[in-house]
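Listed below are the residues making up each chain.
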Amino acid sequence: MRSKLIVVIFTTVLIMAGLLIAIVLADSVPNGAGLPHPEFNGMQAGGDGAARLEHIGSLAFAFQCLLLLLIVCLATLGVAEQRRSPELWAYMGGTLLFSLFVWYKMYSGHQAFLETGITNYFMGFPVATAWQVYGTWLGAIPLIILYTVGFRKYIFTEEDERKYEQLLADIAERSEQ
Amino acid sequence: MEAYRQEIIVGAVVIYMIFCVITGLWAMRRTKNSSDFFIAGRGLGPIVVSLALFSSTLSGFGFVGGPGLVYSIGVSSFWMIVISSTGYALGFFLVAKRIRMIADVRNCISLPDVVAARYNSEAVRFLIAVTIVLGVMGYLATQILAMAVVMQAILSGTEMFADIGLVTCVVISSAVLIFYCVTGGIIASVYTDVVQGAIMMIAGTLILLTAMSVFDGGMQEATSIILADDGEAIMPFGAAGIMASLGWFFVFGLGLAGQPHLVTKMMMNKKISDNRSILPMSLFGYVMAALLWVSIGVIMRAAVIDGVISPLSLPDDAASVFLSVFTNPLLAGIVFAGLFAAIMSTSDAFLNIGTAAIIHDIPKAIRGHSIKNELFWARVVTVILAIVAASFALYSHFQDATLVAILGAFGWGTFAASIFPVLAIGLNWKGATALGAISAIVSALLINFIVQLAGIVLPYGILGGLIAFVVSLILFIGVSLVTKKPELDADMEAVLNI
């Protein structure tokens, strides 16, 4: 039976490709990828942020949600099938929700700035950017904790190590014969 | 001390280069065969692997191009580095354990060896090896050129070397690089990486502290200045916009597990269980070093907008101007040594995998066996490869930059698109087939080549590399799903079950 996880990954990537096509075909705006800064050579300016999200904002938001789903699915694929317990799925689900929360706070914080033109600051950056700088970095910490702390439970158990040592011993024995 | 600024900087760089030469000589005594030369005999400890892994990730691009990108496009370029935690995590979840096991089981000394074993296909080996050679040429040429340009800038500031030419700088920097790579192979490379990594972490931390003192209000004042000038530049998607930012997130995040010079280092640790500590240590080192990228870029953009300093001639001058204006000479010396360290650690990693592809994998794919006396030929080809790349860099600088630019396209994005599916998914999904792998590699190469050659610009800053990556993933999984499930050799079946 084919692994359902690979089908989920495949479907996710297909939808992302569809979103990319929709973005390519959407109405374009002059500052979609930035404009030369009016005063300083070598600098780019973003210009009107609301205008460049007008046609693609929701598509791009969905694209990133799917990318976060893809990342969690790929990390789960890296855990051997027999170790993908309900506990692991719950943990991965929590990781996905945390990443989506960070992404939502970043995106909605940017939208709020576009509407009001004002922002608060957190640790040196405007709030939306702080979610990007600190939140995105931290978004993968649950995966790193799982790998490090759960290494002997999910990644390479004592039993795995024994099987591996046995495999190497068998190969060495065969090569001697 | 200020009066001796240039001498202090030159001294720091010279000390570092002497260290590289001594390490090369020391490592030569430990290099007995091609396995030692290419993968350090799979006997490295976790600290060495961690530092080697992260210092190879952050090349000269991180020290020069990174701050330049923040100066130029604002926060957009942050996406390349904030994804590092996810990138490292995926690399370890998907690749670290199984690549090390396959290397052991099949006695692999290169990435193409591993994929050939996984897919039982010499065609896959050949395509991956060719991709590596093409990518290595572009990467090496740009790294050597960057190293020479920085060296010329440093030396020309002294009386003795005021008129030094670029060619001389290429010769000096390449000679040091070649010496320690040829003598000590990957062992010299990883042990210099340890010092390189330490220098980069120290430099990143000190630069952040310096950057925060440039404006009285610290980083917040700098970001407020940028916000007042152009709000988008300091908002999460920067001047380049949302799709360019998310494209970098995708390509740099997932793509880390497809970089041959990085995943090859995952074959070098002594014990698989060391991976649990290598992951957090690598990430910590990378984050500390990347502080330099973020802090210099933000401060320089704000300083120019605020009139503190004159506008830069080129965005890539951001780091060097910051060091000459805002730092004391000792810190500038450490950072310049760190810059050389970053460039050299990436260059030696590429020289190593490029040489392996040429003397080991391509002959094996074509003739069924690699050449005799691999260690000798590895040293010869390392020299030739470096000389060709250095010549290439000079030709590009003085005559025509097109060829290097095209090969430059075989950088991170192409490696990511062509290698990630084949390696990272292929090592974790028994249903992956050789035909799926070939489709993914060929499509990634073609799309990147076409986008580069035809100069195609996609709307909203969508990257060609992102399109190549998505297409490659779809073809890899799609073709594998519709082709006959492969019968794996017993040892591969066992490895993929663990």
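The text that follows walks through the structure, step by step, so that each part is easy to find.

Conventions adopted
- Residues numbered from 1 in each chain as written.
- Chains lettered and ligands numbered in written order.
- Predicted model: local features only at pLDDT ≥ 70, side-chain atom pairs only at ≥ 80, totals over all residues.
- Heavy atoms only, no water.
- Helix = DSSP H or I, 4+ residues; strand = E, 2+ residues; numbered from the N terminus.
- Rg over C-alpha atoms; globule rule 2.2 N^0.38 Å.
- Buried < 20%, exposed > 50% of the residue type's maximum accessible area, 1.4 Å probe, protein only.
- Contact = heavy atoms within 4.5 Å.
- Areas by Shrake-Rupley, 256 points an atom, 1.4 Å probe, with all protein chains shown as cover.
- Lys, Arg positive; Asp, Glu negative; His and termini not counted.
- Charge placed at Lys NZ, Arg CZ, Asp CG, Glu CD.
- Phe/Tyr/Trp six-rings, centres within 6.5 Å; stacked < 30°, edge-to-face > 60°.
- Buried area = accessible area lost by both parts, 1.4 Å probe.
- Salt bridge = Lys/Arg side-chain N within 4 Å of Asp/Glu carboxyl O.
- Arc of directions from axis to C-beta.
- Polar contact = N/O pair within 3.5 Å; in protein donor to acceptor, adjacent residues only side chain to side chain.
- Patch = residues over 30% accessible without salt bridge, like charges linked within 9 Å, V, L, I, M, F, W, Y side chains within 5 Å.
- Axes fitted to C-alpha atoms, helices over the stretch in contact; angles between N-to-C directions.
- Parallel < 35°, antiparallel > 145°, perpendicular 65-115°, else oblique.
- Left-handed = near helix turned anticlockwise from the far one by under 90°.

## Side note on the overall build of chain A
A tally of regular secondary structure across chain A gives eight helices and four strands. Its C-alpha radius of gyration of 23 Å places chain A more than 25% over the 16 Å reference for a compact globule of 177 residues. Put simply, chain A has 177 residues, and 47% of those count as buried. Considering only residue pairs separated by 6 or more positions, chain A has 64% of its internal contacts joining residues 24 or more positions apart. Summing over all exposed atoms, chain A offers an accessible surface of approximately 8,500 Å²; the carbon and sulfur share of this is 63%. A gap of 7 Å separates the mean positions of the 11 positive and 15 negative side-chain charges of chain A.

## Examining the packing of aromatic side chains
For the coordinates displayed, the defined rule picks out 29 aromatic pairs over all chains. Look at Tyr147(A) and Phe93(B): their rings are 5.3 Å apart centre to centre, the planes differ by 70°, and that puts the pair in the edge-to-face class. In this pair, Tyr147(A) is assigned in helix α6 (residues 141-149) and Phe93(B) in helix α6 (residues 84-106), connecting two distinct chains. Take Tyr147(A): its relative accessible area is 0%, and that puts it in the buried class. The exposure class of Phe93(B) is buried, given its relative accessible area of 4%. Residues Tyr139(B) and Phe415(B) carry aromatic rings whose centres are separated by 6.0 Å and whose planes lie at 15° to one another, so their mutual orientation is stacked.

## Digging into the interface of chain A and chain B
With 80 residues of chain A at the contact, the number on the chain B side is 83 residues. Roughly 7,300 Å² is buried in total at the junction of chain A and chain B, and carbon and sulfur atoms are behind 75% of that figure. Our count for the contact surface shared by chain A and chain B stands at one salt bridge. Put simply, Glu232(B) and Arg52(A) hold a salt bridge, and the shortest N to O gap is 2.9 Å.

## Here we look at the environment of Phe415(B)
With respect to the helices, strands and loops of the structure, Phe415(B) is situated in helix α19 (residues 412-425). Considering only alpha carbons, one finds Phe415(B) and Thr131(B), 284 residues apart in sequence, at a separation of 7.5 Å.

## Digging into the pattern of salt bridges
Applying the stated criterion to the full structure yields 16 salt bridges over all chains. Notably, a salt bridge pairs Glu161(A) with Arg152(A), separated by 2.8 Å at the nearest N-O pair. Here Arg152(A) falls in the partly exposed class, since its relative accessible area comes to 24%. We note a salt bridge from Asp113(B) to Arg125(B), for which the minimum N-O separation is 2.6 Å. Taken together, the residues span a long stretch of sequence, with Asp113(B) in helix α7 (residues 111-119) and Arg125(B) in helix α8 (residues 122-155) at a distance of twelve residues. Judged on exposure class, the residue Asp113(B) and its partner Arg125(B) are both buried.

## Re helix α22 (residues 490-497) of chain B
Considered for burial, the residues of α22(B) that qualify are Asp491(B), Met492(B), Val495(B) and Leu496(B). Burial along α22(B) is one-sided: seen end-on, the buried residues are contained in an arc of 130°. Against the buried residues of α22(B) lie α8 (158-176) of chain A together with α6 and α7 of chain B.

## Brief notes about unusual backbone geometry
Among all residues save glycine, negative phi is the norm, and among peptide bonds the norm is trans. Residues and elements named next belong to chain B. If you check the backbone angles, asparagine 107 has positive phi at about 55° while not being a glycine. Looking at the secondary structure, you find asparagine 107 in the loop between α6 and α7. Non-glycine residue tyrosine 460 carries a positive phi angle of around 60°. Structurally, tyrosine 460 can be placed in the loop between α20 (434-453) and α21 (464-482).

## Topic: the side chain of Arg83(A)
Residues and elements named next belong to chain A. Tracing the chain through its elements places arginine 83 in the loop between α3 (57-77) and α4 (86-116). Under the relative-accessibility criterion, arginine 83 is labelled buried at 14%. Polar side-chain contacts of arginine 83 include one of 3.1 Å to the side chain of threonine 157. Setting aside anything within four residues of it in sequence, one finds arginine 83 in contact with Leu88, Lys153, Tyr154, Thr157, Glu159 and Asp160.

## Some words on a nonpolar patch on the surface
Residues and elements named next belong to chain B. A surface patch of nonpolar side chains, amounting to about 330 Å² of accessible area, comprises Ile202, Leu206, Leu209 and Ile334. The element that contributes the greatest number of residues to the nonpolar patch is helix α9 (residues 166-212), accounting for three residues. By the element assignment, leucine 209 lies in helix α9. On the accessibility criterion, leucine 209 (54% relative accessible area) is exposed.

## Some words on the packing of helix α10 (residues 218-229) of chain B against helix α14 (residues 275-305) of chain B
Residue and element names in this part refer to chain B. Where α10 meets α14, the closest approach of the two axes is 9 Å, and the angle between their N-to-C directions is 55°. Looking at the two axes, α10 sits oblique to α14. Viewed along their axes, α10 and α14 form a crossing whose handedness is left-handed. Touching Met219, Ala222, Thr223, Ile225, Ile226 and Asp229 of α10 are Ser295, Val298, Ile299, Arg301, Ala302 and Ile305, all from α14.

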